[in-house]
Amino acid sequence: MYTAYIAGTPNGKKIPIALEELGLDYRLRHVDLGAGEQHQPDFVRLSPNHKIPVLVDEDTGLSLFESCAILYHLACATGRLIPADTQGRELVLQWLFLQAASTGPMLGQLWWFRHAAPAPNPQALERYTREALRIHAVLEQRLSESPWVAAQEYTVADIAWYTWMETHAELGIDLQAYPRIKDWLDRIAARPALREALRRMEER
Ligand SMILES: N[C@@H](CCC(=O)N[C@@H](CS)C(=O)NCC(=O)O)C(=O)O
């Protein structure tokens, strides 16, 4: 049995989506970020960076933070949503790192300057819009070579990228220029496990 500490954010959604895809037993603990629950001592003991998500394996006591580390752990532990060979696994890691290092931070900053900044900041908007478009172009190119982000099969790298790239409308990004990303988003959104994970996230 796993406990996933999450919120309804791109990084939070990744974990229930993966747990559902893998058919694992889990319960969700919603962390109220607006109320500052991520700073409470009990949570910080699990997540020293004060951020969701966290995954606890109740059977072994293993506790992990950082969404892509959690995804990689689940894939390796089950041998699913990841290729079996070392080179295939390294490609998954490569795309997980790029998501965590660039896609999340850049799209996250763009969202904040569009929707949460106390005052308009045209320079920040221009910088993060340019970076977000550049990342879209990288993924569009990748999907012209491969049906999925990291491999010929659906992997945890697709899950990591999906929850960020599906925010395009809130970021003011028109997918008409990125038909392969649109097709890839549609293929993932149609997966029953994804729909079930989002449904369970709505349950409280
Ligand atoms: N690199 C981290 C980023 C985690 C992250 O930014 N989590 C956000 C929600 S998506 C959070 O907990 N924010 C609360 C805060 O910053 O106070 C990961 O992939 O897990």
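Sequence order as written defines residue numbering, which begins from 1 separately in each chain. Only residues with pLDDT of at least 70 get local features here, since the model is predicted, and only at 80 or more are side-chain atom pairs given and counted; chain-wide, interface and lining totals rely on the full set of residues. With hydrogens and water stripped out, all remaining heavy atoms of the structure feed into the side-chain values.

Quick word on the site of the ligand
- Inspection of the region around the ligand gives T9, N11, L33, Q38, K51, I52, P53, E66 and S67 as its neighbouring residues.
- Pairing of N or O atoms within 3.5 Å defines a polar contact, subject to two protein rules: one partner must be a possible hydrogen donor and the other a possible acceptor, and residues neighboring in sequence count only if both atoms are side-chain atoms. A distance of 2.9 Å separates a nitrogen atom of the ligand from a polar backbone atom of I52.
- Within the side chain of S67, one N or O atom sits 2.6 Å away from an oxygen atom of the ligand.
- Accessibility throughout is a Shrake-Rupley quantity obtained with a 1.4 Å probe, and a residue counts as covered only by protein chains that appear here. Contact with the protein chains removes 76% of the 510 Å² of surface that the ligand exposes when unbound.
- Classifying every residue of the shell around the ligand gives 3 nonpolar, 4 polar and 2 charged. Whether a residue is near a molecule or strand depends on its heavy atoms: if one lies within 4 Å, it is near. Here the term charged refers only to Asp, Glu, Lys and Arg, the term nonpolar to Ala, Val, Leu, Ile, Met, Phe, Trp, Tyr, Cys and Pro, and the term polar to all other amino acids, Gly among them.

Some points on the UniProt feature "domain: GST N-terminal" (unreviewed entry) in the protein chain
- UniProt positions are given in the numbering used here, feature names are shortened, and annotations may be inferred rather than shown by experiment. Sequence positions flagged by UniProt for "domain: GST N-terminal" (unreviewed entry) are, in local numbering, residues 1–82.
- Counting from the N terminus, the helices are DSSP H or I runs at least four residues long and the strands are E runs at least two residues long. Helix makes up 37% of residues 1–82 and strand 21%, with an end-to-end C-alpha separation of 21 Å.

Brief notes about the packing of aromatic side chains
- When two rings of Phe, Tyr or Trp (its six-membered ring) have centres within 6.5 Å they constitute a pair, described as stacked for plane angles under 30 degrees, edge-to-face for angles over 60, and tilted for the intermediate range. In this structure the tally under the stated criterion is 6 aromatic pairs.
- Between W148 and Y154, the aromatic rings sit 5.3 Å apart at their centres with planes inclined by 70 degrees, giving edge-to-face as the arrangement.
- Measuring from centroid to centroid gives 6.5 Å for Y162 and W184, while their planes differ by 65 degrees, and the two rings are edge-to-face. Of the two residues, Y162 is situated in helix α6 (residues 156–165) and W184 in helix α7 (residues 179–189); the sequence distance between them amounts to 22 residues.
- Taken together, the ring pairs in this structure connect W112, F113 and Y128 into an aromatic cluster.
- The criterion is that NZ of a Lys, or CZ of an Arg, lies within 6 Å of the ring centre and within 35 degrees of the ring normal, and then a charge sits over that ring. Seen from the ring of W148, R187 lies directly overhead, with NZ or CZ sitting 4.5 Å from the centre.
- Here R200 stacks its cationic end above the ring of Y26, 3.8 Å away from the centre of that ring.

A few points about the environment of F113
- In this fold, F113 is placed in helix α4 (residues 86–115).
- When the C-alpha positions of F113 and Y128 are compared, they lie 8.6 Å apart, and in sequence the two are 15 residues distant.

Describing the domain arrangement of the protein chain
- For the domains described, the bounds stem from an automatic or database domain assignment. The assigned domain composition of the protein chain is domain 1 (2–80 + 193–202) and domain 2 (86–191).
- A C-alpha centroid distance of 20 Å is found between domain 1 and domain 2.
- Each partner contributes residues to the interface: domain 1 has 16 residues there, and domain 2 has 18 residues.
- Taken over both partners, the interface formed by domain 1 and domain 2 buries close to 1500 Å², and the fraction arising from carbon and sulfur atoms is 67%.
- Summed over both partners, the accessible surface that disappears when two parts come together, traced with a 1.4 Å probe, is what is meant by buried area. Three residues, P10, Y72 and L194, lead the burial of domain 1 against domain 2; their summed loss comes to 33% of the area buried on that side.
- Put simply, a salt bridge is a Lys or Arg side-chain nitrogen that is within 4 Å of an Asp or Glu carboxyl oxygen. For the pair domain 1 and domain 2, the interface holds 2 salt bridges.
- A salt bridge links E166 to K13; the nearest nitrogen and oxygen atoms lie 3.0 Å apart.
- Viewed at the interface, domain 2 and domain 1 are joined by 9 residue pairs in polar contact (both at pLDDT 80 or more).
- Broken down by secondary-structure element, the contributors of at least two residues to the side of domain 1 that touches domain 2 are α1 (10–21), α3 (67–78) and α8 (192–202).
- Sorting elements by how many residues they give to the side of domain 1 that touches domain 2 places α1 first, with 7 residues.
- Partitioned by chemical class, the residues of the side of domain 1 that touches domain 2 number 10 nonpolar, 2 polar and 4 charged. In what follows, residue pairs with any heavy atoms lying within 4.5 Å of each other are defined as contacts.

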